Structure formats: C-alpha cells, structure tokens
Amino acid sequence: PTVTEEDGVRRAGRYQVILEAAVAPDAGGEVEFRMLDQTLQYQLVATNHWSDFHQMNIGTIELSQRGLLTLQIRPLSIRGVGLMNLRSVKLVPVN
C-alpha cells in the first residue's frame, strides 16, 4: 500500500520514502525531504532524459502522527540546467 494525498497517513510509524523522478544527465543536485521532525537528504541520480522516470529509494522516516501531513521538498544544490522532473512521492509502510 502507498499513501496518496487524498488518504493522508493512516497510522503513525516507519515509512519508506520513494521518489519517482526524471533527471537529465546535465542536471541534478541534492534535495531535502521533510515531514514533521523527520528530514532526509538525497543526491539525485541522473536518468537518460527529462521524461525517463525512475523510482528512487530516498530512505526511511518515522512519523509520530497520522492524518494529512505536509511534505516539504527543497533543493540543497542544483547542478547544470535544472534539478529534476518530479512525478510522485510515495510513503510505503515498513513492517
């Protein structure tokens, strides 16, 4: 199961953060993902072009509450012509 914007987080606990994005070879950088008091940093890996989407395992976060939560994504560095073409962010519960 994955968490969508409409559902929110159904239970507190550990979640794997999976990013679906495309990063051109002459682009990329480092991004920060923040939910509640949890922060992950990730160095983007180039794909073949802006429309070549790949799933990227960003890391695991521990959420202390459920419901509709705000996810912040911000660039820490941008390389070349741009950062990424973001399609989705999924939170997958970790057992």
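All of the points below concern the structure found in this document. (Residues numbered from 1 in each chain as written. Predicted model: local features only at pLDDT ≥ 70, side-chain atom pairs only at ≥ 80, totals over all residues. Heavy atoms only, no water.)

## Here we look at the sheet that holds strand β4 (residues 54–63)
The criterion, for reference: In this analysis, strands are considered paired if DSSP registers two or more bridges between them. Here a strand is any run of E in DSSP of at least two residues, a helix any run of H or I of at least four, and the numbering for each starts at the N terminus. Geometry is summarised by axes, namely lines fitted to C-alpha atoms with helices restricted to the contacting stretch, and by angles between N-to-C directions that run from 0 to 180 degrees.
Here we have three strands laid out as an open sheet, ordered β4-β1-β6, and antiparallel in their pairing. Whereas interior strands pair on both sides, the edge strands pair on one side only; in this sheet they are β4 and β6 (85–93). With strand direction ignored, the average angle separating the axes of adjacent strands in the sheet is 20 degrees. Where strand β1 (residues 13–22) meets β6, eight bridges bridge the pair, whose relative direction is antiparallel. Across the sheet, residue Glu 20 finds its bridge partner in β6, namely Ser 88.

## Overview of the packing of aromatic side chains
To describe a pair of aromatic rings, you give the distance between the ring centres and the angle between the ring planes. Basically, it comes down to this: Two aromatic rings from Phe, Tyr or Trp, using only the six-membered ring of Trp, form a pair when their centres are within 6.5 Å; if the ring planes differ by under 30 degrees the pair is stacked, by over 60 it is edge-to-face, and anything between is tilted. In this analysis the charged atom, NZ for Lys or CZ for Arg, is taken to sit over a ring once it is within 6 Å of the ring centre and within 35 degrees of the ring normal.
With the rule as written, the count across this model stands at zero aromatic pairs. The ring of Phe 53 has Arg 87 sitting right over it, with the charged end atom 3.8 Å from the ring centre.

## Quick word on the sheet that holds strand β3 (residues 38–43)
Strand order in the open sheet made by the three strands is β3-β2-β5, with antiparallel pairing throughout. Sheet topology places β3 and β5 (71–78) at the edges, where each strand pairs with a single neighbour. With direction set aside, neighbouring strand axes in the sheet form an average angle of 20 degrees. In this sheet, β3 lies alongside strand β2 (residues 29–35) in antiparallel orientation, the contact comprising six bridges. Note on β3: the bridge partner recorded for Arg 34 is Thr 39.

## Brief notes about the pattern of salt bridges
Put simply, the rule reads: We define a salt bridge as a side-chain nitrogen of Lys or Arg found within 4 Å of a carboxyl oxygen belonging to Asp or Glu.
Taken as a whole, this structure holds three salt bridges when the rule is applied. One salt bridge in this structure joins Glu 20 and Arg 87, with 3.2 Å as the shortest N-O distance. Remark: Arg 87 occurs in strand β6 and Glu 20 occurs in strand β1; sequence separation between them is 67 residues. Overlapping salt bridges bring together Glu 32, Arg 34 and Arg 74 as one network.

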